[in-house]
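Architecture at a glance
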Amino acid sequence: MRRSNETPSAGTPPVSDPARHPATLMAIIAFLAHNAAVGLCYGSFGVLVMEFERHFSAGRAQTSLAFSLVVLASGLMAPFVGALLGRTHIRSVMISGALLASAGFFCLPFTQHPSVMLACFALLIGPGISLLGLLPAVTLVNNWFSHRQGLVLGLVMMPVAVTVVPLIVVKLLPILGFETVLRGIGLVYLAVIPILLMVKDSPEHWQASRGNTGGTKADAPATAKPQRPTVSAVLWHPAFLPLVIATGLMMGAGVAKNTHMVPLLVEGQWSMEQATLLLAVSGGCAVLGSLLLGWLADRHNAAAVIACNALLQSVVWLILITPASFTLLLLDAVLIGMCIGGLSTAKAVVVSRVFGRSQFAFVSGLMGFCTLPLLFTLSPLMGLLRQTSGGYTLPISLIIGGFFVAAGCMWLVSRLERQAPQLLSAEPASATL
């Protein structure tokens, strides 16, 4: 069913004309915050893996664990961040994240103990990325945009820095050295803070700060912060579990693809250079996917868009276990990359439409936590099945089956998306996090 982009999401009136300029500014800041959070860490880590091993006298397993701890910490922090965004200013949350991530990278050069390295990633960098990155940035867009929300989210969530940062780090590493590069990453996180100071939570917050003449409470919003829903009300919502299952399976498949695509292709008699090229093409196409699925989510039922995404992936993943030319594998890499890159964008539109804009942050945070088991299970399970079966046919068949399950779940959610969002039971105002 086509969804007109002239209809405001969740019944919220569109941003007024006088607020269009600050709305664009908020979108730009959200883009910078998200790319700084994810790109500086994720983009640099792969290039610096061997330097981490040398500096900390660590093995590949310990070094890989550091990156896994970042992902784990971000997921575990998601419910807390979602609740925090309903209680305090987005600007404060983002600045806290930038400070934590910066502190983590500044601390790394001062130690050579692997355990301290892991602690920096788990306790500083991972939480910092969660506070600075995806959820606050998407919440900021959700608060400012009702028209063409999917397209704006697609622009904001383009993983540009993940592509650019590795190229920069490779050039600077021989010149500056490992420790200076780490400090440089910490400085970039600090450099983002002056930009974050311009963040305003919503048009009402912007107008309140401009209309305040006293100069002492410029940050006071015009309206009270909405009460967050109870956890039980979210968990029992008929759309929540299907969304968790569908997005968890699809995002977990994306993690598994990044882990296993190169060895799968090499075992299929392709060279390491060809396999790496296909992986790079797949990652680059995520930028296009973010824009395309955001645009489609604006114009159509966003849950149905995700269901079609799952069905398309169930077909293109078959290419990986069938005799195929390099041209067909290249097409496969393009399609998988676009499908994975646009998933988070379309998911954000679904959550906003089904649960309402005022409950977006809390629901998204809880959903991020609940998808963690699937995110971490599929990749090692795929490796275990590869080891026991002697090939990738069985594990990829499992992934394809998961896509059909995801499509079915999103079909159920698509029916709920057509209805007006239901106000969930809220916690008392005195409730604590």
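Residues numbered from 1 in each chain as written. Predicted model: local features only at pLDDT ≥ 70, side-chain atom pairs only at ≥ 80, totals over all residues. Heavy atoms only, no water.

**A look at the overall build of the protein**
Along its length, the protein carries 17 helices and zero strands. Looking at the protein as a whole, 52% of its 433 residues are labelled buried. Taking as baseline every contact in the protein between residues at least 6 positions apart, the subset at least 24 positions apart corresponds to 84%. (Helix = DSSP H or I, 4+ residues; strand = E, 2+ residues; numbered from the N terminus. Buried < 20%, exposed > 50% of the residue type's maximum accessible area, 1.4 Å probe, protein only. Contact = heavy atoms within 4.5 Å.)

**With respect to helix 16 (residues 372-389)**
Taking 1.5 Å of rise per residue, the 18 residues of helix 16 would be expected to cover 26 Å, and the 26 Å separating its terminal C-alpha atoms lies within 8% of that figure. The sharpest bend along helix 16 reaches about 25° and sits at L378, with the proline P380 one to four residues further on. Along helix 16, the residues that are buried comprise L372, L375, L378, S379, M382 and L385. G390 occupies a position one or two residues after helix 16 and carries a positive phi of about 85°. (Expected span 1.5 Å × (residues − 1). Bend = angle between axes of the 7 residues up to and from the residue.)

**Description of the nonpolar core**
Judged by nonpolar contacts, the single largest core of 122 residues is most densely connected at F52, L108, F121, Y189, L196, W317 and F355. Looking at this core element by element, the count peaks at 15 residues for helix 1 (residues 20-56). (Core = buried A, V, L, I, M, F, W, Y, C linked by side-chain atoms within 4.5 Å.)

**With respect to helix 15 (residues 360-370)**
Within helix 15, eight of the 11 residues are buried, leaving the element largely enclosed by the surrounding structure. For helix 15, every residue scored as buried is listed here: F360, A361, F362, V363, S364, G365, L366 and M367.

**Considering the environment of N309**
Mapped onto the fold, N309 is located in helix 13 (residues 302-316). On the basis of relative accessibility, which here comes to 4%, the residue N309 falls in the buried class. Along the sequence, N309 and M338 sit 29 residues apart, while their C-alpha atoms lie 9.3 Å from each other.

**Side note on a nonpolar patch on the surface**
On the surface, V160, V164, I168, L172, I175 and L176 cluster together to form a nonpolar patch covering roughly 490 Å² of accessible area. For V160, the position within the fold is in helix 7 (residues 160-176). Taking the relative accessible area as the measure of exposure, V160 reaches 31% and is therefore partly exposed. (Patch = residues over 30% accessible without salt bridge, like charges linked within 9 Å, V, L, I, M, F, W, Y side chains within 5 Å. Areas by Shrake-Rupley, 256 points an atom, 1.4 Å probe, with all protein chains shown as cover. Salt bridge = Lys/Arg side-chain N within 4 Å of Asp/Glu carboxyl O.)

**As for the pattern of salt bridges**
Within the structure shown, the criterion is met by three salt bridges. Here E179 and R183 are joined by a salt bridge, their closest N and O atoms 3.8 Å apart. One end of the pair is E179 and the other is R183, both in helix 8 (residues 178-196) and four residues apart, which spans about a single turn. On the basis of relative accessibility, which here comes to 27%, the residue R183 falls in the partly exposed class.

**Remarks on the packing of aromatic side chains**
Tallied over the full model, the rule gives six aromatic pairs. Summarising the aromatic geometry, the rings of F105 and F121 are spaced 6.5 Å apart at their centres and angled 75° between planes, so their arrangement reads as edge-to-face. Of the two residues, F105 is situated in helix 3 (residues 90-107) and F121 in helix 4 (residues 114-132); the sequence distance between them amounts to 16 residues. Using a relative accessible area of 2% as the deciding quantity, one classes F105 as buried. When its relative accessible area of 1% is taken as the criterion, F121 is described as buried. Here a set of aromatic residues connected by ring pairs shows up, and it is made of F52, F56, F105, F121, F178 and Y189. When the ring centre of F110 is taken as origin, the NZ or CZ atom of R183, which lies over that ring, is 5.6 Å away. (Phe/Tyr/Trp six-rings, centres within 6.5 Å; stacked < 30°, edge-to-face > 60°. Lys NZ or Arg CZ within 6 Å of the ring centre and 35° of its normal.)

**Things to note about the side chain of S314**
Note that S314 resides in helix 13. One polar contact links the side chain of S314 to the main-chain carbonyl oxygen of L311, over a distance of 2.5 Å. Setting aside residues no more than four positions away along its own chain, S314 makes contact with I400, F403 and F404. (Polar contact = N/O pair within 3.5 Å; in protein donor to acceptor, adjacent residues only side chain to side chain.)

**Observations regarding the packing of helix 5 (residues 134-144) against helix 15**
At their nearest, the axes of helix 5 and helix 15 sit 10 Å apart, and the two run at 150° to each other. Taken as axis vectors, helix 5 and helix 15 run roughly antiparallel relative to one another. For the crossing formed where helix 5 meets helix 15, the hand is right-handed. Of helix 15, the residues touching helix 5 (which contributes L135, V138, T139 and N142) are F360, A361, S364 and G365. Partitioning the contact of helix 5 with helix 15 into residue classes produces four nonpolar, four polar and no charged. (Axes fitted to C-alpha atoms, helices over the stretch in contact; angles between N-to-C directions. Parallel < 35°, antiparallel > 145°, perpendicular 65-115°, else oblique. Left-handed = near helix turned anticlockwise from the far one by under 90°. Nonpolar A, V, L, I, M, F, W, Y, C, P; charged D, E, K, R; others polar.)

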